[in-house]
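So the chains spell out like this:
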Amino acid sequence: DGGITQSPKYLFRKEGQNVTLSCEQNLNHDAMYWYRQDPGQGLRLIYYSQIVNDFQKGDIAEGYSVSREKKESFPLTVTSAQKNPTAFYLCASSISATRGDGGYTFGSGTRLTVV
Amino acid sequence: QKEVEQNSGPLSVPEGAIASLNCTYSDRGSQSFFWYRQYSGKSPELIMFIYSNGDKEDGRFTAQLNKASQYVSLLIRDSQPSDSATYLCAVNIGTSYDKVIFGPGTSLSVIP
């Protein structure tokens, strides 16, 4: 079955540590996205990528980095510069980055906690 | 600042009733509108999208769009306890998915 796989499901980060969240899709979608969800708030866009080897900052990119070396993969690194990283991180994909293709498919999410 | 607003709820309805979820948006240039369902602790799941004014029906779900009033709603007929979840409204501003703004969500509880 096609879908998006995020790992790990739970991640604990120590102060000053960089951590990487994995996102892999086998839907043959061109566009991929990273969102952050905090309790009681809507999803906020961190980074997105429309094609391989290209990505753009979203609304809250500070303290995060991404790469898109393969169409299927879009890992997110939470760096030590991100001062409040505790949140639910969601990876999503869409057929393309233009309207008319019906929305996102989301992965199951990674819950990151600072310890 | 472009915004998407929803009543946070919780909205409680008895089993079998119609649940009505509302969403307003600030940008008149908005093109596409989506409803996602999110169960507690899980990721969002797309349940409806609508591009044109009027109603769009899919099973027990009906999305209603009124661009003049900048209003989109989701009706759930014959509500079931399994419909208890948070419903996220998302609005695509412009022609690219990098301009999708999510509302904060409305929590729905269907009481058996």
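In the block above lies the structure referred to throughout.
Residues numbered from 1 in each chain as written. Chains lettered and ligands numbered in written order. Predicted model: local features only at pLDDT ≥ 70, side-chain atom pairs only at ≥ 80, totals over all residues. Heavy atoms only, no water.

*Asks:* With reference to specific residues and values, describe the overall build of chain B.
*Replies:* When its secondary structure is counted, chain B shows zero helices and eleven strands. For chain B, the sequential pattern of α-helices and β-strands runs β-β-β-β-β-β-β-β-β-β-β. Taken over C-alpha atoms, the radius of gyration comes to 13 Å for chain B, in line with the 13 Å a tight globule of 112 residues would show. Its C-alpha atoms put chain B at 40 × 30 × 20 Å along the principal axes. Within chain B, buried positions represent 46% of all 112 residues. When contacts within chain B are restricted to residue pairs at least 6 apart in sequence, long-range pairs at least 24 apart make up 54% of them. If you sum the accessible surface of chain B, you get close to 5,100 Å²; carbon and sulfur atoms cover 47% of it. (Helix = DSSP H or I, 4+ residues; strand = E, 2+ residues; numbered from the N terminus. Rg over C-alpha atoms; globule rule 2.2 N^0.38 Å. Buried < 20%, exposed > 50% of the residue type's maximum accessible area, 1.4 Å probe, protein only. Contact = heavy atoms within 4.5 Å. Areas by Shrake-Rupley, 256 points an atom, 1.4 Å probe, with all protein chains shown as cover.)

*Asks:* Provide a residue-level description of a nonpolar patch on the surface, including the pertinent values.
*Replies:* Residue and element names in this part refer to chain A. On the surface, Tyr10, Phe12 and Val115 cluster together into a nonpolar patch covering about 360 Å² of accessible area. Secondary-structure assignment places Phe12 in strand E2 (residues 10-13). Judged by relative accessible area, which is 52%, Phe12 ranks as exposed. (Patch = residues over 30% accessible without salt bridge, like charges linked within 9 Å, V, L, I, M, F, W, Y side chains within 5 Å. Salt bridge = Lys/Arg side-chain N within 4 Å of Asp/Glu carboxyl O.)

*Asks:* So what's going on with unusual backbone geometry? Residues and values would help.
*Replies:* Each neighbour pair has its own omega, and for Ser7 of chain A with Pro8 of chain A the value is -5 degrees, a cis peptide bond. Mapping Pro8 of chain A onto the fold places it in the loop between strand E1 (4-7) and E2. The backbone phi angle of Asn28 of chain A is positive, close to 60 degrees, even though this residue is not glycine. Relative to the elements of secondary structure, Asn28 of chain A occurs in the loop between strand E3 (19-25) and strand E4 (31-37). The residue Asp78 of chain B is not glycine, and still its phi comes out positive at about 50 degrees. Position of Asp78 of chain B relative to the elements: it lies in the loop between strand E8 (71-76) and strand E9 (85-93). Relative accessible area serves as the criterion here: at 42%, Asp78 of chain B is assigned to the partly exposed category.

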